[in-house]
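Here is how the chains run, residue by residue.
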Amino acid sequence: MRIASVILDIPTQALDCAYSYLVPDGCDGCEDYAPLPPIHAGNEQDVAQLPDSFDVCVGCAVLVPFGGRQVVGFVARIEECEYGELPDGVNPVKLKPIIRAVSRPYFDEEGAACIFWMANRYVAPLAACARLFAPPGGVPRVVRTCGESGPYWRLEQPAIGEVDDRWVLPGPSYTGFEPKHNAVKQAAIVSALCSGDVRVAELATEFGAVSAALKSLEKQGVVRIERRRRMRGVSASRQAPIPEAPFTPSAKPPLTAGQATSLAAIDAARKRARGEVVLVDGVTGSGKTEVYLQAIEAALAAGHTACVLVPEISLTPQTVARFRGRFGDTVAVMHSRMSRGERFDQWDFIRSGQARVVVGARSALFAPLRNVGIIVIDEEHEGSYKQDSAPRYHARDVACWMARRAGAVVVLGSATPSIETLYACAKCDGWNRVSLPERANGKPLPEIDVIDMAKEFGSGSRSMFSGRLTRALAAELVCGRKAVLLLNQRGFAKFLLCRECGFVPECPSCSTSLTFHETGNKLVCHHCGYTVPSPPVCPRCASPYLKRFGAGTQRVEAELRALLDAMPGVGPGVPIVRMDADTTSGKGAHQRLLEQFAAADAAVLLGTQMIAKGLDFDDVTLVGVINADTQLHLPDYRAAERTFALIEQVAGRAGRANLPGRVMVQTYEADNVALRAAARYDRALFLRNELPKRRMLGYPPYVRMANVLVWGNDESAVAYEARVLQEALEQQVRDFGGDNWMVLPAGPCLLSKLRGSYRWHVVVKCPLEADISRVIEPLFRARKAYKAINVAVDVDPSDLL
């Protein structure tokens, strides 16, 4: 008999193992259980075209009995067993059969192993880990439906799947066919086919209802109609079959000595096949991407595939174009700006084996890519590689685990590597660091000028633009060059304050002030979306004296526009391209704004952190940081590290080609070590100041941490549960932890209320070499869940906010 281990698609920590089911003979399931009637969700044209049955195999979704109902699960393992040799704990009397398979496989045996590893390491529900491998658009699920005879359960298929188009092709009687004089639509269709195959939808758009005409032509053998897979997000001209022209990859520039050394180190690590990590520590503009491209080319030549992870904000059309220019149509791309249908098509393209290079954000790591030889993580210091919902994994750590299993190489790239990565390269076997200290074109890094805004204020200036930055903008724009201005918005700013009573409008559902938006004159919570009109007077004391604190991109744009309009030789003709969450929310907006900036002669790109990375414009000669201080004041142990990295990253946008660049950083803390070190490109100075603090206070890279989050609508109940968990964790650490473990007292999070829920946390610290998950996981697997209180564990958190 065959026994399947099935992960039930029920996202709870209590289901900490897979359940055993009998795999029935054949593919049609078990007659003892009536399979649920299937229904489709969403628009019928986007629904997957499903076969009548699927094979039960590892990775597929199956319908199984559980308790008094039927649920969907994922097959993680199938074992061949004799009746008397069942796995431990399996009672043959209670063994129930799988009803039927309801999908193709989403993952293989290695994917199943990764699911169990992630569930253990990140103390996450098995179902949440399994869903990472599922295609965009979801998986089949069982839903409760009300019918005439009462409620019942039905199997609902995903709303997103393959889409087929109907195409019209010439038939055997096409040549020489002459339609009747009054058969106008038939004549139009025959004429349209002279240019090649055509979609039915295009004929209908051009000629109206064509069904009857097509049916008549098909009956006469003049045309034939076939269904073809349509890839969403691909132009109609590329859907039609055309003779394949030989692909010409983009030219490979000669490598610098540093690039050649880096490439040799990566190739050697890949050939050793031990799952090693190579950190490419290169300044901005040093040619790290070219190293990636040639390392991937070598891996493909050896018969492997490649996965490239890029932060979402860096996944620009420029980035994608470089990979497609080198590897053509074998590149699949997955990111959140694509529709679910487009992402599904790319996922299915990868599953088919036609894609050999996958480029995407962190979730691309779980795409069904086989025989991976190299995993590249660009800008590895970025916080976006850490997921903020279950399972709270870090893409770097998961990639390293996958590479060890597959014998692949992991390539980490950054101009400002994270402190944890630098520490691992210094201390851990299998971690190697190669350096690219100079730009690939031989040009120097731009000089960084720190401007003390306190002195500017003392001299009588009240503008958000210092005199030096204003003069530099004028000089560059008059010469027809471009500038980039960064508004570092992370932090708590841009709020209204009553100057008479001190009242600040706050979100009723979150413990944070409302952000003022110039456009629409409104106050918005950037956490839950709550929006109200900006009051003309103070809601508390009716005073008209409301002061706007902080500077959002809309306000900066307005003041910058006034500044440029008044500049001799600049004026209204110089565009300001604003890139923030508001202007890039629409589909294709990101690419459209960058094209607008590239097309202009002189222009200013104003934006948030999304403009600090991934942009490569030869004519950008000036970079200005409007406010370098906001991130420094966050009560986060990484605040200084993030500020240092951001300044160096955004500085790299200037002077990337023949024109020299310069950078101006405005701050009220000109003596801050992180800012002074960034201005000198002096990482050693920053680390000499930062590492002793981390060691003394017990923060990474010297310890490991777990942040236990507790939230709910009842503040007192949340506080009580957090204190109970603190006591339980203290006992668990005493019993199983060992020396140098620490459980910090339970307390409110910095953002103590979010979307109507009160938030507390308990932080656990342990030595770097300790297995923190092994100690705390049993406590949370055994914990009884309460409907009103939510608990989650964040292992190796990126922050404690």
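Here, every reference points to the structure presented above.
Since this is a predicted model, take the numbers as computed values, not measurements.

Participant: Just checking my understanding: could you explain the pairing of strand S28 (residues 620–625) for this structure?
Facilitator: Residues in a regular strand point their side chains to alternate faces of the sheet. In terms of burial, S28 is largely enclosed, as six of its six residues are buried. Direction of pairing for strand S20 (residues 482–486) relative to S28: parallel, over a ladder of five bridges. Each bridged residue has a counterpart across the sheet, and for valine 484 the counterpart in S28 is valine 623. Pairing analysis gives four bridges linking S28 to strand S29 (residues 662–667), with the strands arranged parallel. Residue leucine 622 lies in a different strand from S29, and its bridge partner there is arginine 662. Handedness of the β-α-β unit built from S28, helix H17 (residues 639–651) and S29 comes out right-handed.

Participant: Explain the packing of helix H8 (residues 288–301) against helix H9 (residues 317–327) to me, please; I cannot follow it from the model alone.
Facilitator: For any two helices packed against each other, one specifies the inter-axial angle together with the distance between the axes. Direction vectors running N to C along H8 and H9 enclose 35°, while the axes themselves pass 11 Å from each other. In the crossing of H8 with H9, the sense of the turn from one axis to the other is right-handed. Contacts between H8 and H9 involve Thr289, Glu290, Leu293, Gln294, Ile296, Glu297 and Leu300 from the first element and Arg322, Phe323, Arg326 and Phe327 from the second. Of the residues assigned to the contact of H8 with H9, the class counts are five nonpolar, two polar and four charged.

Participant: Is there a simple way to explain the sheet that holds strand S11 (residues 223–230) in this structure?
Facilitator: Think of a sheet as strands paired side by side through backbone hydrogen bonds, with each pair either parallel or antiparallel. Within the open sheet, the three strands sit side by side as S10-S9-S11. Their pairing is antiparallel. On the outer flanks of this sheet lie strand S10 (198–199) and S11, each paired with one strand and no other. Strand direction decides the pairing type here: strand S9 (residues 163–170) and S11, joined by eight bridges, are antiparallel. Residue valine 163 lies in a different strand from S11, and its bridge partner there is arginine 230. In the packing of helix H5 (residues 211–219) onto the sheet, the strands contacted are S9 and S11, and the crossing angle to S11 comes to about 115°.

Participant: In this structure, what is going on with empty space enclosed by the protein? I would like to understand it.
Facilitator: A probe as big as a water molecule, rolled over the atoms, marks out the empty space that is left. One pass over the full model with this rule turns up four cavities of 30 Å³ or more. Taken as a whole, the second largest cavity encloses approximately 40 Å³ of empty space. If you trace the second largest cavity, you find it lined by Ile7, Leu8, Ile10, Leu15, Cys17, Tyr19, Leu126 and Ala127. If you list the elements that add at least two residues to the lining of the second largest cavity, you get strand S1 (2–8) and helix H2 (126–131).

Participant: What should I look at first to understand H5 in this one?
Facilitator: Among the residues of H5, Ala213, Leu214 and Leu217 are the ones counted as buried. In an axial view of H5, the angular spread of the buried residues amounts to 95°, which keeps them on one side of the axis. Facing away from the buried surface of H5 by more than 90 degrees, the exposed residues are Ser211, Ala212, Lys215 and Lys219. In the core, the buried residues of H5 are packed alongside S9, helix H3 (184–192), helix H4 (200–207) and S11.

Participant: Is there a simple way to think about the sheet that holds strand S13 (residues 305–309) in this case?
Facilitator: With respect to topology, seven strands assemble into an open sheet ordered S14-S15-S13-S16-S17-S12-S18, the strand pairing being parallel. One side of each edge strand has no neighbouring strand; the edge strands of this open sheet are strand S14 (331–334) and strand S18 (431–436). Strand-to-strand twist in this sheet, taken as the mean axis angle between neighbours without regard to direction, amounts to 15°. Strand direction decides the pairing type here: strand S12 (residues 277–282) and S18, joined by six bridges, are parallel. Bridge pairing in S18 links leucine 279 to arginine 433. Lying over the sheet, H9 contacts S13, S14 and strand S15 (357–360), oriented at roughly 160° with respect to S14. Helix H11 (residues 395–406) rests against S12, S13, strand S16 (372–378), strand S17 (409–414) and S18 of the sheet, and its axis sits at about 165° to S16.

Conventions and cut-offs
- Residues numbered from 1 in each chain as written.
- Predicted model: local features only at pLDDT ≥ 70, side-chain atom pairs only at ≥ 80, totals over all residues.
- Heavy atoms only, no water.
- Buried < 20%, exposed > 50% of the residue type's maximum accessible area, 1.4 Å probe, protein only.
- Helix = DSSP H or I, 4+ residues; strand = E, 2+ residues; numbered from the N terminus.
- Pairing = 2+ DSSP bridges.
- Right-handed = clockwise from strand over helix to strand, strands pointing away.
- Axes fitted to C-alpha atoms, helices over the stretch in contact; angles between N-to-C directions.
- Left-handed = near helix turned anticlockwise from the far one by under 90°.
- Contact = heavy atoms within 4.5 Å.
- Nonpolar A, V, L, I, M, F, W, Y, C, P; charged D, E, K, R; others polar.
- 1 Å grid on protein atoms, 1.4 Å probe; cavity = no way out; pocket = protein on both sides within 12 Å on 5 of 7 lines; lining within 4 Å.
- Points joined across faces, edges and corners; volume = space filled by probe spheres on them.
- Arc of directions from axis to C-beta.

Function cannot be read off these values alone, since they describe shape.
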